[in-house]
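# Chains, contacts and geometry: an overview
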Amino acid sequence: MLIRIKFAKEGTMKFIGHLDLIRNFQRVFKKAEFPIAYSEGFNPHPIMSIGAPLSVGITSEAEYLDVKIKEDIDINYQIKNLDLHAPEGIKILDITVLPEKAKSAMALIDAAKYKITVNNITITDDMINNLMSKNNIIITKKNKKNVLKEIDIKPGIFNIALGEDGDLLLLIATGSRMNVKPEIVLDNLCKVNDIEYNKFDFKIHRQEIYYISDNKFLPLDKIL
């Protein structure tokens, strides 16, 4: 049986990288005596994968971990059980049982929404318009063959706007089909407005991860 665990990553855990996060979850499952399934062979390992690994320094209230388990579980009990054994900064929010032929979170993801608190500088609607009125937003990025290529990220910026509290709200392409990092959008937003980009001026928080179905953005735990 496959399940999808939704969790938050906060506080000092934002400085933990992807591999260390996986090791943390392995320890949580062991301490919680969670019935996770293992691969076969000489070096069995827990069958689990994180949908869209978060960059170091970014917090989140919507991360997803797919896990294969050996037996049925009591969902409400296991949410509390895993949360009890999770390290400070990791909060278990929900568990969803996946249909037998469900795509993995990694294969499903199309977009992510971020809330960005801006310090020391002020972002205005005019500044956002200066960026989004460009015909394209070209960045240079290495491909899988380590060759530099120019990529237009504008099609991957689905929405960028100011919230009521002055925070920046960003909905961008995420996943294997197209992947736009919020830091890259912020860098280009600064460049087009002749502002020196300083990553410490921006506190980035991921609010949700989505897949697209019938032109709608759906959270990964809303399985149709």
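Residues numbered from 1 in each chain as written. Predicted model: local features only at pLDDT ≥ 70, side-chain atom pairs only at ≥ 80, totals over all residues. Heavy atoms only, no water.

Looking now at helix α4 (residues 125-132). Along α4, the residues classified as buried are Met127, Ile128 and Leu131. Buried residues of α4 fall within an arc of 100 degrees about the axis and therefore sit on the same side. (Buried < 20%, exposed > 50% of the residue type's maximum accessible area, 1.4 Å probe, protein only. Helix = DSSP H or I, 4+ residues; strand = E, 2+ residues; numbered from the N terminus. Arc of directions from axis to C-beta.)

Right, let's talk about the packing of aromatic side chains for a bit. Under the counting rule described, the total for this entry stands at six aromatic pairs. Look at Phe7 and Phe25: their rings are 4.9 Å apart centre to centre, the planes differ by 65 degrees, and that puts the pair in the edge-to-face class. Here Phe7, found in strand β1 (residues 2-9), pairs with Phe25, found in helix α1 (residues 18-31); they are 18 residues apart in sequence, far enough to count as distant. Accessibility assignment for this pair places Phe7 and Phe25 in one class, buried. Geometrically, the ring pair formed by Phe158 and Phe217 is tilted, given 5.4 Å between the ring centres and 55 degrees between the ring planes. Taken together, the residues Phe158 in strand β8 (residues 157-162) and Phe217 in strand β11 (residues 216-219) connect sequence positions 59 residues apart. Take Phe158: its relative accessible area is 36%, and that puts it in the partly exposed class. On the accessibility criterion, Phe217 (32% relative accessible area) is partly exposed. The structure contains a cluster of three or more aromatic residues connected by ring pairs, namely Phe7, Phe25, Phe29 and Phe34. (Phe/Tyr/Trp six-rings, centres within 6.5 Å; stacked < 30°, edge-to-face > 60°.)

This part covers the environment of Glu71. Looking at the element boundaries, Glu71 is found in the loop between β3 (59-68) and α2 (75-85). Taking the C-alpha atoms as reference, Glu71 lies 9.9 Å from Leu2; in sequence the two are 69 residues apart.

Here the UniProt feature "domain: DUF2344" (unreviewed entry) sits at residues 3-182. In residues 3-182, helix accounts for 21% and strand for 32%; the two terminal C-alpha atoms are 28 Å from one another. (UniProt positions renumbered as here; feature names shortened; annotations may be inferred.)

Bringing the environment of His205 into the picture now. Note that His205 resides in strand β10 (residues 202-213). His205 sits 144 residues away from Glu61 along the chain, and the two C-alpha atoms are 7.8 Å apart. Non-local contacts of His205, meaning those with residues more than four positions away in its chain, are made with Ile58, Thr59, Ser60, Glu61, Lys113, Tyr114 and Lys115. Polar side-chain contacts of His205 include one of 2.7 Å to the side chain of Glu61. (Contact = heavy atoms within 4.5 Å. Polar contact = N/O pair within 3.5 Å; in protein donor to acceptor, adjacent residues only side chain to side chain.)

With that settled, the discussion passes to the nonpolar core. Of all hydrophobic cores here, the largest spans 26 residues; its most connected members are Ile116, Ile157, Leu168, Leu170 and Val185. Sorting the residues of this core by element identifies β5 (111-118), α4, β8, β9 (168-173), α5 (182-192) and β10 as the ones contributing at least two each. In contact with Ile157, not counting residues within four places along its chain, are Met132, Ile137, Leu170, Leu171, Ile172 and Val185. Counting residues in each nonpolar core, the second largest holds 24 residues, with Ile5, Ile22, Ala32 and Ile69 among its members. (Core = buried A, V, L, I, M, F, W, Y, C linked by side-chain atoms within 4.5 Å.)

Secondary-structure assignment places Ala86 in the loop between α2 and β4 (90-97). Separated by 54 residues in sequence, Ala86 and Ala32 have C-alpha atoms that sit 9.0 Å apart.

Right, let's get into the pattern of salt bridges. Where side chains of opposite charge bring their charged atoms close, a pairing between them can arise. Enumeration over the complete set of coordinates arrives at 10 salt bridges. Ionic pairing is found between Asp221 and Lys6, a salt bridge with its closest N-O pair at 3.8 Å. Of this pair, Asp221 sits in the segment after β11 while Lys6 is found in strand β1, placing the two residues 215 residues apart along the sequence. The buried category is assigned to Asp221, whose relative accessible area is 15%. Shared partners join several salt bridges into a network, and the residues in it are Lys6, Glu208 and Asp221. (Salt bridge = Lys/Arg side-chain N within 4 Å of Asp/Glu carboxyl O.)

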